[in-house]
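A look at the structure
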Amino acid sequence: MATDARDDTQPEDSAGSKAAILQIIGNVLVARSLAIVAELGLADLVQTEPQSVTQLAHATGTHADSLYRLLRMLASYGVFAEDDGGLFHPTPMSLLLETDRPDSLRDLLTLGWQDIAWDTYRQLPHTIRTGETAFDAAFGATFFDYLAGHPEANASFDSAMALFSGPENGMIAAAYDFGQFARIVDVGGGTGGLMAAILSAHQGVRGVLFDQPQVVANMTGIEASAIRERCEPIGGDFFESVPAAADAYIMKRILHDWDDEAAIRLLLRCREAMNTDARVLVIDAVMQAGNAPDPNKFMDVSIMALTRGRERSETEFQRLFTEAGLRCTEVFPTELPSTLSIIEGVRA
Ligand SMILES: C[S@@+](CC[C@H](N)C(=O)[O-])C[C@H]1O[C@@H](n2cnc3c(N)ncnc32)[C@H](O)[C@@H]1O
């Protein structure tokens with residue numbers, strides 16, 4: 001029997017559908033406007049006292065009428081609220097754009113990395129037509145090769161990645177018994193946020209933060225010295241080899257950067273390096289069938305534009321494991337705000 005592809009997330013009537021489409025078209029402007037507001041630091045300016053647009057324009061050196069129209073639109077999305085006297089107040093959403101908060105998203109929006117993303121997305125039609133990576137068409141190099149040659153962009157990406165990963169690291173550390181291991185390697189561990197969450201939770205664990213040399217040179221994710229002394233940074237190329245003789249090899253948001261052939265090579269490098277009964281722990285989105293809204297579907301398209309990677313289903317992960325001489329043993333979901341799962345594997 002044919003299944004009904006419609007679901008109750010779709011508007012019933014054509015007027016509702018039209019409004020929904022116009023909303024999607026407008027989202028590009030909303031996203032860009034949010035980045036401008038973050039860049040200007042407007043959330044900090046209204047922090048202590050509501051401000052008129054004249055005050056805000058004066059403080060930021062911007063054009064008052066243009067700024068007003070931008071803020072009026074954003075306020076309709078809940079970013080700032082304008083009162084009857086024309087003063088702009090903070091809202092729960094604008095608070096997240098303030099600078100000095102542990103959960104601030106400001107840097108994620110202001111970093112030069114945002115411009116890289118915009119230039120990449122302009123080339124998305126090229127990806128859809130040819131299957132080739134939009135980033136490569138925009139920048140003439142693959143994503144990680146480009147970053148390696150552009151230190152500012154690389155630092156910006158590492159910070160954005162750390163900010164993006166921050167809220168999910170604690171959820172991942174809580175979703176699996178990392179305390180059973182003596183030595184863990186975080187393969188492509190970035191600036192160390194996940195390793196810090198694991199080492200804080202388990203005093204008996206020692207970690208290796210393995211990433212490209214220019215990335216591990218900057219272990220900003222591991223600030224506490226008590227944790228730092230249990231974490232060894234090692235720089236290298238994970239397609240050549242990964243540090244040997246550990247009990248667990250973590251790869252968070254790593255396999256999703258690569259096509260199947262490269263992902264299998266990476267798993268093989270881990271298999272060669274690991275202790276006999278060690279675990280491989282791939283931490284990635286596990287794609288589900290169906291039309292439900294899912295942030296992992298956005299990430300999948302973003303990854304498609306940036307790299308040769310993809311988000312994968314459980315069956316697809318099992319196939320990669322098998323090809324690399326590994327066996328998938330269990331999949332551990334994590335709790336929101338993390339949308340990732342821990343896919344555990346052992347030698348086959
Ligand atoms: C998407 S980020 C994930 C970082 C971190 N695991 C996280 O979830 O926040 C991918 C990481 O892979 C690293 N990477 C890319 N190519 C690499 C290579 N050939 N060798 C080692 N690390 C590499 C990047 O430097 C980056 O830190």
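The coordinates are above.
For the structure given in this document, a descriptive report is provided here.

What counts, and at which threshold
All residue numbers here refer to positions counted from 1 along the written sequence of the relevant chain. Predicted model: local features are reported for residues with pLDDT of at least 70 only, side-chain atom pairs are reported and counted for 80 or more only, and whole-chain, interface and lining totals are derived from all residues. Hydrogens and water are ignored here; the side-chain numbers use all heavy atoms of the structure. What we call a nonpolar core is a set of buried Ala, Val, Leu, Ile, Met, Phe, Trp, Tyr and Cys residues that are connected through their side-chain atoms within 4.5 Å. Burial classes follow relative accessibility: with a 1.4 Å probe on protein chains only, a residue under 20% of its type's maximum area counts as buried, one over 50% as exposed, and anything between as partly exposed. Helix and strand assignments follow DSSP, with helices taken as H or I runs no shorter than four residues and strands as E runs no shorter than two, numbered in order from the N terminus. Contact definition: two residues touch when any of their heavy atoms are within 4.5 Å.

Moving on, we get to the nonpolar core. The biggest cluster of nonpolar side chains holds 31 residues, and the ones touching the most others in it are Val187, Tyr249, Met251, Leu255, Leu267 and Val282. At the level of secondary structure, the elements contributing two or more residues to this core comprise β4 (183–187), β5 (206–211), β7 (248–252), α15 (260–273), β8 (279–284), α17 (314–323) and β9 (326–333). At 7 residues, the largest contribution of residues to this core is made by α15. Those residues in contact with Leu267 that sit more than four places away from it in its chain are Met251, Leu255, Val280, Val282, Leu320, Phe321, Ala324 and Leu326. Core analysis: the second largest hydrophobic core is formed by 26 residues, Ile172, Tyr176, Leu194 and Leu209 among them.

This part is about unusual backbone geometry. Cis geometry is found at the peptide bond from Leu336 to Pro337, where omega equals 10°. Residue position: Pro337 is located in the loop between β9 and β10 (341–347). At Phe80, a position not held by glycine, the phi torsion is positive, near 70°. Within the secondary structure, Phe80 sits in the loop between α4 (64–75) and β2 (81–82). Look at Phe80 and you get buried, because its relative accessible area is 2%. Positive phi, normally seen in glycine, also occurs at Arg253, with a value near 50°. Looking at the secondary structure, you find Arg253 in the loop between β7 and α15.

Function cannot be inferred from these measures alone, as they are strictly geometric.
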